[in-house]
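Residue strings, one per chain:
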Amino acid sequence: ELKGIVFVIQSQSNSFHSKRAEDLKRDILKQAVDLGKELPTVLLIHQINRHEGAWTILPLMTDFSVTYGRNSSWIFFCEEDTRIQVIKLVETLRRFDKSKEWFLGKALYDEESTIIHHYAFAENPTVFKFPDFAAGWALSIPLVNKLAKKLKSEPLKSDFTIDLKHEIALYIWQKGEGPHLTPVPEFCTDDVNSYKVDHCATTFSNFLPLCGEPVNKEDVFVAVKTCRKFHGDRIPVVKQTWEREAALIEYYSDYADISIPTIDLGIPNTERGHCGKTFAILERFLNHTSPRTPWLVVVDDDTLISIFRLRKLLSCYDPNEPVFLGERYGYGLGTGGYSYITGGGGMVFSRTAVQKLLASKCRCYSMDAPDDMVLGMCFSGLGIPITHSPLFHQARPMDYPKDYLSHQIPVSFHKHWNIDPVKVYFTWLAPNTEESRNGKKVGYNREDL
């Protein structure tokens, strides 16, 4: 029965992430050997490289159907930090009739309609359930075959991938004609050491990775994009919250204000896009900062970020690699397209990545082009993969399910809209003496914001 499960790990080609995925693959295969079972198939998403959009999973359904449609029972998807008790997983899946269409996972739902889900199910967002990928989720082969057939007749539209777990659930649901997500209590996101996990087939233990000492404060250069009209309301929030965590920080505007101080890059402010400004920031980082500063972070003036936690996270990455890190979105991935780091949650570049980008001559097609998308297009053209971290957030804490955030120590949130941003920062992001050095989760007093 184990050989009827195809394991698919949501891996990435960055060296830190690919090693973690390989470790998980080895662990799954070792458990199979220890159980005396025939070895299952274990696939790493980043190695299925015929698709730039492999990470969005739906483009792979046709291949899965052709390759595994006859001899397998389940495709089980998980993240690199999902921990799996193989014997319990087999027992859990055995409860479901593999000849029927099943979509199994740990259910998340929106408490209020949210922009990242295009305000779907606005009248009662709690009715629509979608899977927490950290706990693992599964599709029965009959459902995989059905999805593959649907993709043949209705190719994926070339638009945006913003929250993959929600969008996959919507696609499978097919406006009520397909299966809903079936919640499975054995798919868990509790820490592997928690007393609650006795019944769990899966657990999740990565809240904030720490791979050594946090990088030095002086290793991170922070660039804040602003403009004159926000000097009075957004910049004071940065100064009251996270500015003190940054050793090297500059504010870039369309107006030089010595009281902040801001630097006028000579790029007029645009209502949208800001591509010209961002590329000017990249040029300045390369030419006017110490070549010994390995990391650049570009944030909006309404981004709330923990530089303290970012320094921990960056201990896992090699700045000699071209690293472009943040929250991953996709554009047109059903038909080629590219992935990009969405700007509001913060974009992190290794100096090596900036050097390769600027040497390439890939530039904005207009000053007000969307900077994050142009960067994604450029890096894609250079063959430099973007690196996703779920700890960066393009929206506010209340735009995500509480249960989803409960297994994270977030690095950033974005937007001041209808919130007290100072309160959000001190509740969710401020350095906390309780934070343990090994990156494990600690108790937070996160009141409802």
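Everything numeric here is computed off the predicted structure, so don't read it as measured data.

(A) Region of the structure containing the domain arrangement of the protein chain. You can read the domains of the protein chain as domain 1 (2-204) and domain 2 (217-448). Across the boundary between the two partners, domain 1 contributes 34 residues, which contact 34 residues of domain 2. Carbon and sulfur atoms make up 53% of the area that domain 1 and domain 2 hide from each other, which totals about 2800 Å². A salt bridge links aspartate 403 to lysine 106; the shortest N-O distance between them is 3.0 Å. Between domain 1 and domain 2 we count 11 residue pairs in polar contact (both at pLDDT 80 or more) in total. When contributions to the side of domain 1 that touches domain 2 are tallied by element, the ones reaching two or more residues are helix 1 (15-34) and strand 9 (160-161). It is helix 1 that provides the largest number of residues to the side of domain 1 that touches domain 2, a total of three residues.

(B) Geometry of the UniProt feature "domain: Fringe-like glycosyltransferase" (unreviewed entry) in the protein chain. Here, the residues flagged by UniProt with the feature "domain: Fringe-like glycosyltransferase" (unreviewed entry) are residues 66-151 and 214-424. The span residues 66-151 shows a helical share of 27% and a strand share of 23%, and its end C-alpha atoms are spaced 13 Å apart.

(C) A look at the nonpolar core. Of all hydrophobic cores here, the largest spans 87 residues; its most connected members are Met61, Phe64, Leu139 and Leu310. If one sorts the elements of this core by residue count, helix 5 (residues 164-173) sits on top with six residues. Viewed by domain, this core spans two of them, domain 1 (2-204) and domain 2 (217-448), each represented by three or more residues. If sequence neighbours within four positions are ignored, leucine 310 has contacts with Val220, Val297, Ile305, Val348, Phe392 and Val411.

(D) Just the environment of isoleucine 341, in detail. Looking at the secondary structure, you find isoleucine 341 in strand 19 (residues 338-341). The exposure class assigned to isoleucine 341 is buried, which follows from its relative accessible area of 0%. For the pair isoleucine 341 and serine 389, spaced 48 residues apart in sequence, the C-alpha separation works out to 9.7 Å. The residues contacting isoleucine 341, other than those within four sequence positions of it, are Phe324, Leu325, Gly326, Glu327, Arg328, Gly346, Met347, Asp372, Ile386 and Thr387.

(E) Broad picture of the sheet that holds strand 13 (residues 248-253). Spatially, 14-13-12-15-20-17-21 is the arrangement adopted by the seven strands of the open sheet, whose pairing is mixed. Where the open sheet ends on each side, the last strands, each with one partner, are strand 14 (262-264) and strand 21 (387-388). One ladder, built from four bridges, connects strand 15 (residues 295-300) with strand 20 (residues 347-350); its direction is antiparallel. The residue of strand 20 that forms the bridge with tryptophan 295 is serine 350. Taken strand by strand, helix 8 (residues 307-314) contacts strand 12 (220-225), strand 15, strand 17 (324-326) and strand 20, and its axis lies near 130° from that of strand 12. Where helix 10 (residues 371-381) meets the sheet, its contacts fall on strand 12, strand 17 and strand 20, and the angle it forms with strand 20 comes to roughly 35°.

What counts as what
- Numbering of residues starts from 1 in each chain and follows the order in which that chain's sequence is written.
- In view of the model being predicted, local features appear only for residues whose pLDDT reaches at least 70, and side-chain atom pairs are presented and counted only at 80 or more, with totals across whole chains, interfaces and linings using the full set of residues.
- As a rule here, side-chain values come from all non-hydrogen atoms in the structure, and water together with hydrogens is ignored.
- Boundaries between domains were set according to an automatic or database domain assignment.
- Every residue pair with non-hydrogen atoms within 4.5 Å of one another is taken to be in contact.
- Two parts placed together each lose some accessible area under a 1.4 Å probe, and adding up what both lose gives the buried area.
- Counted as salt bridges are all cases of a side-chain nitrogen of Lys or Arg within 4 Å of a carboxyl oxygen of Asp or Glu.
- Within 3.5 Å is the distance limit for a polar contact, defined as a pair of N or O atoms, with the added protein rule that one can donate a hydrogen and the other accept it, and that residues adjacent in sequence qualify only through two side-chain atoms.
- Helix numbers and strand numbers start at the N terminus; a helix is a DSSP run of H or I with at least 4 residues, a strand a run of E with at least 2.
- UniProt positions are given in the numbering used here, feature names are shortened, and annotations may be inferred rather than shown by experiment.
- Take the buried residues of types Ala, Val, Leu, Ile, Met, Phe, Trp, Tyr and Cys, join any two whose side-chain atoms come within 4.5 Å, and each joined set is a nonpolar core.
- Here the term buried applies to any residue with accessible area under 20% of the maximum for its type, exposed to any over 50%, and partly exposed to those in between, with areas from a 1.4 Å probe on protein chains only.
- Each pair of strands is called paired provided DSSP finds at least two bridges between the two strands.
- For helices, the fitted axis covers only the stretch in contact; all axes are lines through C-alpha atoms, and the angles between them, taken along N-to-C directions, range from 0 to 180 degrees.

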